[in-house]
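Read off the chains here:
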Amino acid sequence: MASPGGSWKGLTLVAATVVVTVLAATGVWNPFPQLWSWVTTSGPVAPGARWQQQLGGTPQSVAIAGDSVIVEYRTSIEAYGLTAGVKLWSSDADWASMAGKGANAVVVTGRLLTKGYQVLDPATGAVKRSDTTAAAVWTYREAIVDLSCAGGGDCRITAWDPKTNTRRWSVESGSIGFVLDAANPDLPDTRRLTADTVDDDITGPPSMPGLLGFPDDGQIRVVDTATGRLAQTVRPTREQRIVVVGGRVLTVTGTARDGTCYYGVVATDPPSGQVVWQRDGLNLRTADNGSGCVQEHDPAGGYNVLLGVDPYGREVLINGNDGRNLWYGDKESDVLAVDDTYAVIRKDDTLRGYALGRKKAVWTLTGRAKTEAALTPHAVIVVSRGRVTALTLKNGTVRADVKTDAKIFATGPDGMIAVSGRDMAYLPFA
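We now turn to the structure provided with this report. Since we're looking at a predicted model, the values are computed, not measured. (Residues numbered from 1 in each chain as written. Predicted model: local features only at pLDDT ≥ 70, side-chain atom pairs only at ≥ 80, totals over all residues. Heavy atoms only, no water.)

Brief notes about the pattern of salt bridges
This structure, assessed with the given rule, holds eleven salt bridges. Here E78 makes a salt bridge to K87, at a shortest N to O gap of 3.1 Å. Among the residues examined, K87 registers a relative accessible area of 44% and is labelled partly exposed. When the shortest N-O distance is used, the salt bridge between D401 and R387 registers 2.9 Å. Here D401, found in strand β34 (residues 398-403), pairs with R387, found in strand β33 (residues 387-391); they are 14 residues apart in sequence, far enough to count as distant. Its relative accessible area of 39% is what places D401 among the partly exposed residues. On the basis of relative accessible area, R387 is assigned to the partly exposed category, the value being 33%. (Salt bridge = Lys/Arg side-chain N within 4 Å of Asp/Glu carboxyl O. Buried < 20%, exposed > 50% of the residue type's maximum accessible area, 1.4 Å probe, protein only. Helix = DSSP H or I, 4+ residues; strand = E, 2+ residues; numbered from the N terminus.)

Given below as structure tokens:
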């Protein structure tokens, strides 16, 4: 039986160990710096990394902006150099999003429940433009679009050039400011396909569509982004869902009858409302099974391309602008990723990359069961069983093939960013 003194000494030793560990972890006092460095040192994220950096926490998102890597945390952001992973600057912010592209890329940051945002230089963190009135912001390669409300129903949508920070256009938008806030709130358009092993925002800022739809008290305000004018205002019925895709206004109708849902899609051209194409029996997966045909989701797809299912259970990719079939599958084929130009299709353990304009496979990858994929402007990212492969978009040439369980957050012209826990690494392309 242990003596009371021994028990007391044991508790004291445990308490002291806990105190020292907490002090060392928080950086207050570290009596054994070399030992602590050894304890907290992580293994390599992946073989062949150009650099690896331990982060201050688990990132919300990571993006490449020019020659900088922008890391977003819950209440702050940090920037690292793309060449060597050296920390460049940090700033307090609740959210961050990228706009522009290449050398003209910028970082847009803001605070939750606080109006306004800042546009920062990704290399230095310097403020290039500051706004104090916007409630919501959308970021694109060609523009920053914000929504500001003076009060009541007096709201305006404004587009800014990310390179020059000059205003491109501004249009009245009614009272939509009461339902939209922060960075990139959801708009009625296509719902991009995602994968667990890559970040949802791996593609970076998208190109700004020719038409944008903004929800406003049960209706959709359609804005022409070339002229900055209100093109049309449409109101769906209870059985309809309206989305803006490919420069068209799509009305998706789902009718419950005979224990199933009957779908129809009509695409019109604003402002005339003239029908451009229509399709009966096309399921765009806007309603869940058993929901009574209540459409609670935007159509799946990528930008101007829609992913649908025909009445026989075969997936089909459709051009949202003119309704053409870009690819027609069989019951064993699944679309893993799609954008305006390419699609990644899986059948059994074989992946194929399709050039949608040519309706043919431009590359094939075999032996890849249980695979996920993502299309980015710089590469196709394929992830399967602790292995990440980056392929060229045009012909499937392997640009990188590494063994790693890390999540891929971003790609650039010459490499990709992988994160495992609190460790971030830059994996160069061949």
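Thoughts on the packing of aromatic side chains
Scanning the model with the defined rule gives three aromatic pairs in all. A centroid spacing of 6.1 Å and a plane angle of 20° characterise the contact between W51 and Y426, whose relative ring orientation is stacked. In this pair, W51 is assigned in strand β1 (residues 51-54) and Y426 in strand β37 (residues 423-428), connecting sequence segments 375 residues apart. Exposure remark for W51: the relative accessible area of 6% places this residue in the buried category. By relative accessible area, Y426 is classed as buried at 2%. The ring of W160 carries R129 above its face, with NZ or CZ at 4.1 Å from the centroid. The lysine or arginine in question, R257, covers the ring of Y262, its NZ or CZ lying 4.3 Å from the ring centre. (Phe/Tyr/Trp six-rings, centres within 6.5 Å; stacked < 30°, edge-to-face > 60°. Lys NZ or Arg CZ within 6 Å of the ring centre and 35° of its normal.)

Brief notes about the environment of G66
Of note, G66 is situated in the loop between β2 (61-65) and β3 (68-72). Each C-alpha atom of the pair G66 and G100 lies 9.5 Å from the other, and the pair is 34 residues apart in sequence. Not counting residues within four places of it along the chain, the set of residues in contact with G66 comprises L82, G102 and A105. (Contact = heavy atoms within 4.5 Å.)

Remarks on the environment of N184
Position of N184 relative to the elements: it lies in the loop between β14 (182-183) and β15 (191-192). Distance from N184 to W138, taken between C-alpha atoms, is 4.5 Å for residues 46 residues apart in sequence. The residues contacting N184, other than those within four sequence positions of it, are S97, V137, W138 and T139. For N184, the side chain forms a polar contact with the main-chain nitrogen of T139, separated by 3.0 Å. (Polar contact = N/O pair within 3.5 Å; in protein donor to acceptor, adjacent residues only side chain to side chain.)

Brief notes about unusual backbone geometry
Note the cis peptide between P270 and P271, where omega equals 5°. Of note, P271 is situated in the loop between β21 (260-269) and β22 (274-280). Located in the positive-phi region is D217, a residue other than glycine, with phi close to 55°. Along the chain, D217 turns up in the loop between β16 (211-216) and β17 (219-224). The class of D217 is exposed, set by a relative accessible area of 66%.

With respect to the sheet that holds β3
Strand-to-strand pairing in sheets goes through backbone hydrogen bonds, with the strands running parallel or antiparallel. If you walk across this open sheet you meet the four strands as β2-β3-β4-β5, and the pairing is antiparallel. Strands at the two margins of the open sheet, each flanked by one partner only, are β2 and β5 (87-92). Averaged over all pairs of adjacent strands, the angle between strand axes in this sheet comes to 20°, irrespective of strand direction. (Pairing = 2+ DSSP bridges. Axes fitted to C-alpha atoms, helices over the stretch in contact; angles between N-to-C directions.)

Side note on the state of the cysteines
A full pass over the atoms with the stated rule returns two disulfides. Disulfide pairing places C149 opposite C155 at an S-S distance of 2.0 Å. Measuring the twist about the S-S bond at about 105°, one finds the C149-C155 disulfide to be right-handed. Taking the relative accessible area as the measure of exposure, C155 reaches 2% and is therefore buried. Covalent S-S linkage joins C261 and C293, the inter-sulfur distance amounting to 1.8 Å. Around the S-S axis, the bridge from C261 to C293 shows a dihedral of about -110° and counts as left-handed. One end of the pair, C261, is in strand β21; the other, C293, is in the loop between β22 and β23 (300-302), and 32 residues separate them in sequence. Residue classification places C293 among the buried residues on the basis of a relative accessible area of 6%. Along the chain, the cysteines that take part in disulfide bonds pair up as 1-2, 3-4, counted in sequence order. (Disulfide = S-S within 2.5 Å.)

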